[in-house]
Amino acid sequence: MKSNKNTLKVFAYSYLIFLYAPVLLLPIFAFNDSTIISFPLNSFTFKWFAGLTQETYLQESLKNSLFVAISTSILSTCLGILASRASSRYEFFGKKSILSFLILPLFLPEIIIGVALLVVLMQLGLPLSLWTVILGHTLVCTPFSIAILNSAFANMDMSLEEASLDLGETRFGTFKRVIFPMVSPGLIASLLIGFTISLDEFIIAFFLTGTETTLPVYIWGQLRFPAKLPGVMALGFLMLLLSLILLLLVEFFRRRMNRTTDDQVNVQFGNLFKHDKKRTRDSKKNHS
Amino acid sequence: MDRVKNWFSSDSSRGLTLIGLPFGFSLLLLAAPMLLIFFLGFWTQDYLVLDRSFSLDNYIEAWTEPMYRDLMLRSLGISAAVTLATVMLAYPMAYFISFHGGNRKALWLFLVTIPFWTSYLLRVFLWKVILGYNGVLNSALDWLGVIEEPLTFILYNANAVIITLTHAWAPFAILPIYVALEKIDRSYLEAATDLGDGPLKSFLRITLPLSMTGVVGAALIIFIPTIGDYVTPKLVGGKDGLMIANMIQVQFMKANNAPLGASLAVSAMGIVSIISLVFLALNRRWLRKRGS
């Protein structure tokens with residue numbers, strides 16, 4: 001049994017090396033003073049990062065990408081809230097089939113989604129723009145939002161919601177003051193996942209983008225020009241840093257919010273719900 | 001009147017009202033486009049003019065033209081190889097995290113997902129740098145004295161596509177398998193050990209069947225989408241590693257023959273769906289046999 005564990009450990013670390021191999025090369029070539037992306041390395045330089053500030057086309061596409069990613073994350077989170085609230089709280093006709101239909105894009109090749117939307121837009125005579133990219137991305141991100149928010153809504157203690165309704169709060173007020181704070185970590189996670197997926201999505205964006213391009217479409221164009229590659233590496237490295245900071249922020253907020261909601265519940269309800277809270281905590285333990 | 005009023009404040013109506021918007025969105029942007037693309041395959045296009053009369057020509061061409069058939073078979077082979085390799089590598093990793101992760105499970109899951117926050121295009125491109133003739137792998141092996149001549153079978157062919165995609169889809173296999181393993185009640189394993197099963201036997205009889213939902217989920221979530229990847233084959237596949245999605249893309253963009261592209265896309269989707277359904281049915285039968 002002991003040797004089993006050690007073999008697995010060796011495997012796990014070698015697999016990690018495989019997973020990290022391309023990522024580790026990114027900073028190496030971003031700081032390497034040579035236009036050719038290969039070993040041996042030359043001297044250390046910052047010039048590729050400095051060069052990025054002069055690429056106006058890059059800055060345009062970065063702005064476009066941020067607009068698309070923010071809109072997508074908001075739209076898909078809104079759709080996700082509606083769907084997962086419905087599925088975790090209510091029973092209705094056709095629930096299972098509707099939900100599996102909503103998460104279908106997760107199992108579809110992106111090229112099919114891109115091509116199908118392109119055909120519809122062409123038939124309707126609608127011009128391609130950033131909004132068409134947003135529609136495509138929302139379709140792909142909604143299943144992720146539903147998955148995240150489903151667990152947030154399902155983990156919620158329903159007795160708090162019932163108590164609020166019994167004590168005379170309206171449905172909307174209950175949503176705002178009881179449900180929303182409790183699912184907000186899930187909301188932030190969903191917004192962030194949508195943002196990151198959309199920011200990096202290329203296949204659908206390539207089909208649906210008009211004259212204004214997104215960042216991955218810009219990078220795709222640059223990959224053909226060897227002289228542009230080191231700059232692209234520098235850009236990729238910056239994007240990786242940004243994603244890591246965002247991820248750490250999510251983790252930080254999630255922990256802080258878990259603590260504050262717990263405290264609020266304690267202060268507001270005193271000892272009334274102590275028993276119930278213990279129960280939910282135990283059931284959470286069983287879940288994870 | 002009361003019955004109508006009751007229905008409107010019932011759980012059923014509240015649920016349907018809530019889910020109506022996302023459902024409508026998906027109907028409009030997913031179901032309708034898919035139907036249209038299905039019909040588009042039966043139409044024909046002459047440069048920019050679309051002829052809407054019914055014709056089977058595109059489907060006949062998609063299924064009989066040797067070039068398309070070869071591309072389709074190769075794509076299916078590559079997707080199957082990627083699925084198998086990813087799941088085989090991800091399972092031990094997920095098992096290690098779930099059973100031996102201790103209190104560092106969250107850290108391990110975090111470590112496993114970080115590489116995938118790098119731009120997808122750049123990751124594929126960097127594999128080209130690793131696998132190339134003068135690439136990182138060849139220079140490292142040469143430096144270590146393992147090889148005399150650079151290895152050439154790892155770039156610009158199907159192998160390169162398989163390696164790159166196996167890397168790209170790793171978390172999509174690790175996470176569902178991990179979740180399935182976490183759900184297994186550990187007391188079953190203790191019971192099996194108490195009743196005299198060795199580690200291998202209890203793994204084959206308890207852990208593997210109970211984690212099969214994760215494995216099947218991982219397999220489907222990798223097998224179906226990889227058939228539609230055209231970035232990886234284009235960047236690292238060379239001439240012999242191109243896949244059906246590259247042809248679909250060419251038909252829609254450069255060749256200006258959307259109907260043929262649509263019939264190729266629908267055919268590819270149809271084939272992977274049928275393979276997936278057969279796979280699901282076989283797995284269900286296997287699990288039932290185990291259960292009885």
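Summary of the structure given here.

1. Comments concerning the packing of helix H9 (residues 170–182) of chain B against helix H12 (residues 212–226) of chain B
Residues and elements named next belong to chain B. At their nearest, the axes of H9 and H12 sit 7 Å apart, and the two run at 160° to each other. Taken as axis vectors, H9 and H12 run roughly antiparallel relative to one another. In this structure, the crossing between H9 and H12 has a hand that is right-handed. Between H9 and H12, the contacting residues are Phe172, Ala173, Pro176, Ile177 and Ala180 on the first element and Thr213, Gly214, Val215, Ala218, Ile221 and Ile222 on the second. Its residues assigned to classes, the contact of H9 with H12 shows nine nonpolar, two polar and no charged.

2. Quick look at the side chain of threonine 83 of chain B
Here threonine 83 of chain B shows up in helix H4 (residues 66–100). Once residues lying within four places of it in the same chain are set aside, the contact partners of threonine 83 of chain B are Ala219, Ile222 and Phe223 of chain B.

3. Notes on the pattern of salt bridges
Scanning the model with the defined rule gives nine salt bridges over all chains in all. Here glutamate 169 of chain A ties to arginine 177 of chain A by a salt bridge, and the two come within 3.1 Å at their closest N and O atoms. The shortest N-O distance in the salt bridge between arginine 186 of chain B and glutamate 182 of chain B comes to 3.7 Å. When its relative accessible area of 27% is taken as the criterion, arginine 186 of chain B is described as partly exposed. Salt bridges sharing partners connect three or more residues here, namely Arg85, Arg89 and Glu161 of chain A.

4. Quick look at the interface of chain A and chain B
Taken together, the contact pairs 77 residues of chain A with 78 residues of chain B. Here chain A packs against chain B, burying approximately 7300 Å² in sum over the two surfaces, 84% of which is carbon and sulfur. It is Tyr15, Phe101 and Phe107 of chain A in chain A that bury the most area against chain B; as a group they hold 8% of the surface buried on that side. At the boundary of chain A with chain B, the tally comes to zero salt bridges. Among the elements that make up the side of chain A that touches chain B, the one with the highest residue count is helix H1 (residues 2–30) of chain A (17 residues). Considering only residue class, the side of chain A that touches chain B consists of 63 nonpolar, seven polar and seven charged.

5. Looking at the state of the cysteines
In protein chemistry, a disulfide is the covalent bond that joins the sulfur atoms of two cysteines. Residue and element names in this part refer to chain A. A complete count under the given rule lists zero disulfides over all chains for this structure. The structure places no disulfide on cysteine 78, whose sulfur is separated from the nearest cysteine sulfur, that of cysteine 141, by 13 Å. Take cysteine 78: its relative accessible area is 42%, and that puts it in the partly exposed class. The exposure class assigned to cysteine 141 is buried, which follows from its relative accessible area of 1%.

Calculation criteria
Residues numbered from 1 in each chain as written. Chains lettered and ligands numbered in written order. Predicted model: local features only at pLDDT ≥ 70, side-chain atom pairs only at ≥ 80, totals over all residues. Heavy atoms only, no water. Axes fitted to C-alpha atoms, helices over the stretch in contact; angles between N-to-C directions. Helix = DSSP H or I, 4+ residues; strand = E, 2+ residues; numbered from the N terminus. Parallel < 35°, antiparallel > 145°, perpendicular 65-115°, else oblique. Left-handed = near helix turned anticlockwise from the far one by under 90°. Contact = heavy atoms within 4.5 Å. Nonpolar A, V, L, I, M, F, W, Y, C, P; charged D, E, K, R; others polar. Salt bridge = Lys/Arg side-chain N within 4 Å of Asp/Glu carboxyl O. Buried < 20%, exposed > 50% of the residue type's maximum accessible area, 1.4 Å probe, protein only. Buried area = accessible area lost by both parts, 1.4 Å probe. Disulfide = S-S within 2.5 Å.

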